[in-house]
Amino acid sequence: MHFTSEQRLDDGVLEREFTLGEIPGILWTPASASAPAPLILLGHPPLGLRKMYPRLVARARLSAAEGFATATIELPGSGDRPSLPAAEQARADLRRAMEAGEPVSDEIVDALILPLVDKAVPEWQAALDALLSLPEIGGPVGYSGE
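All of the points below concern the structure found in this document. Quick caveat: nothing in here was measured; it's all calculated off a predicted structure. (Residues numbered from 1 in each chain as written. Predicted model: local features only at pLDDT ≥ 70, side-chain atom pairs only at ≥ 80, totals over all residues. Heavy atoms only, no water.)

**Some words on the pairing of strand β4 (residues 37-42)**
Selection rule: Buried, partly exposed and exposed residues are distinguished by accessible area as a fraction of the type maximum, computed with a 1.4 Å probe on protein chains only: under 20%, between the cut-offs, and over 50%, respectively. In DSSP terms, a helix is any run of H or I states spanning at least four residues, a strand is any run of E spanning at least two, and both are numbered starting from the N terminus. Two strands pair if DSSP finds at least two bridges between them.
Here β4 lies mainly inside the structure; 6 of its 6 residues are buried. As paired elements, β4 and strand β6 (residues 137-144) share 5 bridges and run parallel to each other. Bridged to Ile-40 within β6 is Gly-142.

**A short note on the pairing of strand β3 (residues 23-29)**
Taking burial as the measure, the 7 residues of β3 include 6 buried ones, the bulk of the element. Where strand β2 (residues 14-20) lies against β3, 7 bridges are found, and the strand directions are antiparallel. The residue of β3 that forms the bridge with Glu-15 is Trp-28. The hairpin formed by β2 and β3 contains 2 residues between the paired strands, and Gly-21 there has a positive phi angle of roughly 65°. Pairing of β3 with strand β5 (residues 69-73) involves 4 bridges; the strand directions are antiparallel. Bridge pairing in β5 links Ile-26 to Thr-72.

**Quick notes on the nonpolar core**
Where we set the bar: Nine residue types can take part in a nonpolar core, namely buried Ala, Val, Leu, Ile, Met, Phe, Trp, Tyr and Cys, and a core is a set of them joined through side-chain atoms within 4.5 Å. Here, two residues are considered to be in contact whenever any of their heavy atoms come within 4.5 Å of each other.
Grouped together as the largest cluster of nonpolar side chains are 19 residues, with contacts concentrated most on Leu-27, Leu-39, Leu-41, Ile-73, Trp-124, Leu-131 and Ile-137. Per element, the largest residue contribution to this core is 6 residues, and it comes from helix α3 (residues 106-132). Among all residues touching Trp-124, those that are not within four sequence positions of it are Leu-41, Leu-42, Gly-43, Ala-71, Thr-72, Ile-73 and Leu-75.

Shown next, in the form of structure tokens:
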């Protein structure tokens, strides 16, 4: 994990952008903590961290006020990360089915979701391992997603 920027928000929350290999992410930690803070992983739709930032930072600030650290990562195929051709094709198939008023098949849903899950799960695990190695982060760990 490599921190690429750091800023203190007006409420004292420390916001640090990081990269984990090629995966960008953001970590928010409470203004002051006498012990390692429990961690909440913030999930979000695959719209990109920049687009989701206002909602994510709002959730992070609320969590920090209660003593929690929060973190999120850019999902595979979103934001500035390379697109996933199989997911792009599945999105196109989904749009076609919906525009035609046809039912969305299980195959389309699987093609849309499974490649993302296959890539995202190991990335979240790597991020979790790296975050838990930081002295200011401790367990337990929770997940909050949209």
